[in-house]
Amino acid sequence: MFFRNLTLFRFPTSLDLTEIEARLAECALKPVGALELSSRGFISPFGRDGEAMSHRIADAIWLSVGSEDKLLPGAVVNDLLQRRLEEAERKEGRRPGGRARKRMKEDLVHELLPRAFVRPGRTDALLDLGHGLCIVDSSSRKSAENVVSEIRTALGSFPALPVNAEVAPRSILTGWIAGEPLPEGLSIGDECELKDAADKGAVVKCQRQELQGDEIAKHLESGKQVTRLALTLDDHVSFVLGEDLIVRKFKLLDGAVDSLESTERDDVRAELDARFALMAAEAKRLFNVLEPALKISRVED
């Protein structure tokens, strides 16, 4: 398992998580009911058939929020509703009013729900107890906050807040492309996004391009600022860092993955265990570089 996106939240390092396994078990995912649209709850990181609701290596805890969502396309509902409205109009000689239409639609949804397909899903999260860091494998702030909300519900209290920088991240990213020194180990990749400072200004997206050349320099001279930037940490991790402090396209490179290939393992569980340990270590190493560079705020205990 390797995360593809990192949405970061900080929580006090003094938070007591000794009972997390039992708390997560009490909030395990339940099958979506016949008349429910969705269900959320915790599942084993090792799959829905696993028993443990969390997995810990040193000061890193891996947990997963599972989901079941009924697939009930609006187009299908509206098409059937239109047919019933036409039928009612033929029988009664007039088209049903607004309240009647609303009630007919609600009845139709309840009728269709038990027969709807169920789409399972999961979102993984990593709790770094040393840094007080919750990392959610999602590029959507809303989806990540939903995972944090599930953790908060299970634990009763989980004062986690989105990471916050003391300086504008776009100014740091713009400075790196403009030639300011990067933190040790970081190098610029071949992808970026630039925006005018004005609201609704021009947006330029560059991929597979030399970012420290004349073309990008002209955009900077015209006042555009970097809002997303591809970076590489040593030869271990490549990623795209946004001004929203979300790490997208997180990928472990050969320098990191080679350590997995050099170790023999007999079962899938051991393989997942090794992958989590590696991913957690690289995510922590990346945060150790980004925290001082972006002046990311801490959460007081």
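Structure first, text after, so check above.
Residues numbered from 1 in each chain as written. Predicted model: local features only at pLDDT ≥ 70, side-chain atom pairs only at ≥ 80, totals over all residues. Heavy atoms only, no water.

1. Comments concerning the overall build of the chain
Part 1 of the argument: Each helix and strand in the chain was counted, giving eight helices and 12 strands.
Part 2 of the argument: Against the compact-globule benchmark of 19 Å for 301 residues, the chain has a radius of gyration of 24 Å, which places it well outside the compact range.
Part 3 of the argument: Buried positions account for 44% of the 301 residues belonging to the chain.
Part 4 of the argument: When contacts within the chain are restricted to residue pairs at least 6 apart in sequence, long-range pairs at least 24 apart make up 68% of them.
Part 5 of the argument: Accessible area of the chain: about 16,300 Å², with a carbon and sulfur share of 47%.
Part 6 of the argument: One finds the centroid of the 43 positive side-chain charges in the chain at a distance of 10 Å from the centroid of its 51 negative side-chain charges. (Helix = DSSP H or I, 4+ residues; strand = E, 2+ residues; numbered from the N terminus. Rg over C-alpha atoms; globule rule 2.2 N^0.38 Å. Buried < 20%, exposed > 50% of the residue type's maximum accessible area, 1.4 Å probe, protein only. Contact = heavy atoms within 4.5 Å. Areas by Shrake-Rupley, 256 points an atom, 1.4 Å probe, with all protein chains shown as cover. Lys, Arg positive; Asp, Glu negative; His and termini not counted. Charge placed at Lys NZ, Arg CZ, Asp CG, Glu CD.)

2. Some words on the pairing of strand β5 (residues 117-128)
Part 1 of the argument: Note: strand β4 (residues 60-71) against β5, 12 bridges, orientation antiparallel. Paired with Val 65 across the two strands is Thr 123, which belongs to β5.
Part 2 of the argument: When β5 meets strand β6 (residues 133-136), the two strands line up antiparallel, connected through four bridges. Across the sheet, the residue bridging to Leu 126 is Ile 135, located in β6. (Pairing = 2+ DSSP bridges.)

3. Some remarks on the pairing of β6
Part 1 of the argument: In β6, alternate side chains face the same way, and those of Leu 133 and Ile 135 on one face and Cys 134 and Val 136 on the other are all buried.
Part 2 of the argument: Across four bridges, the pairing between strand β1 (residues 7-10) and β6 is antiparallel. The partner of Leu 8 across the bridge, within β6, is Ile 135.
Part 3 of the argument: Between β5 and β6, which pair antiparallel and follow one another directly, the connecting turn spans four residues, one of which, Gly 132, has a positive phi of 65°.

4. Considering the nonpolar core
Within soluble globular proteins, side chains that are nonpolar generally end up buried alongside one another.
Part 1 of the argument: Judged by nonpolar contacts, the single largest core of 50 residues is most densely connected at Leu 229, Phe 239 and Phe 250.
Part 2 of the argument: Top element by residues in this core is helix α8 (residues 268-294). It accounts for 12 residues.
Part 3 of the argument: Apart from residues no more than four positions distant in its own chain, Phe 239 is found in contact with Leu 186, Leu 229, Ala 230, Leu 231, Thr 232, Leu 233, Val 247, Arg 248, Lys 249, Phe 250 and Leu 286.
Part 4 of the argument: Counting 23 residues, the second largest nonpolar core, distinct from the first, contains Ile 20, Ala 144, Ala 154 and Phe 158. (Core = buried A, V, L, I, M, F, W, Y, C linked by side-chain atoms within 4.5 Å.)

5. Focus on the sheet that holds strand β8 (residues 186-195)
Hydrogen bonds between backbone groups are what pair the strands of a sheet, and the pairing can be parallel or antiparallel.
Part 1 of the argument: In space, the five strands of this open sheet follow the order β9-β8-β10-β11-β12, with antiparallel pairing throughout. Looking at which strands have only one partner, the edges of the open sheet turn out to be β9 (203-207) and β12 (247-252). Averaged over all neighbouring strand pairs, the angle between strand axes comes to 15°, with direction disregarded.
Part 2 of the argument: The strands that helix α5 (residues 169-178) touches are β8, β10 (225-233) and β11 (237-242); relative to β10, the one it contacts most, it runs at about 65°.
Part 3 of the argument: Along the sheet, helix α6 (residues 214-221) makes contact with β8, β9 and β10, crossing β8 at roughly 50°. (Axes fitted to C-alpha atoms, helices over the stretch in contact; angles between N-to-C directions.)

6. Regarding the packing of aromatic side chains
We describe a pair of aromatic rings using the distance from one ring centre to the other and the angle between the two ring planes.
Part 1 of the argument: Per the counting criterion, the structure on display carries three aromatic pairs.
Part 2 of the argument: Between Phe 46 and Trp 62, the aromatic rings sit 5.3 Å apart at their centres with planes inclined by 65°, giving edge-to-face as the arrangement. Here the residue Phe 46 occupies a position in the loop between β2 (38-43) and β3 (55-57), and Trp 62 occupies one in strand β4, the gap between them amounting to 16 residues. Each member of the pair, Phe 46 as well as Trp 62, carries the same accessibility label: buried.
Part 3 of the argument: Between Trp 62 and Phe 276, the ring centres sit 5.2 Å apart and the planes meet at 20°, which makes this aromatic pair stacked. Pair noted here: Trp 62 is in strand β4 and Phe 276 is in helix α8, with a separation of 214 residues, a long-range link. In this pair, the class of Trp 62 matches that of Phe 276, namely buried.
Part 4 of the argument: Through successive ring pairs, a cluster of aromatic residues spans Phe 46, Trp 62 and Phe 276. (Phe/Tyr/Trp six-rings, centres within 6.5 Å; stacked < 30°, edge-to-face > 60°.)

Geometric values such as these leave the question of function open.
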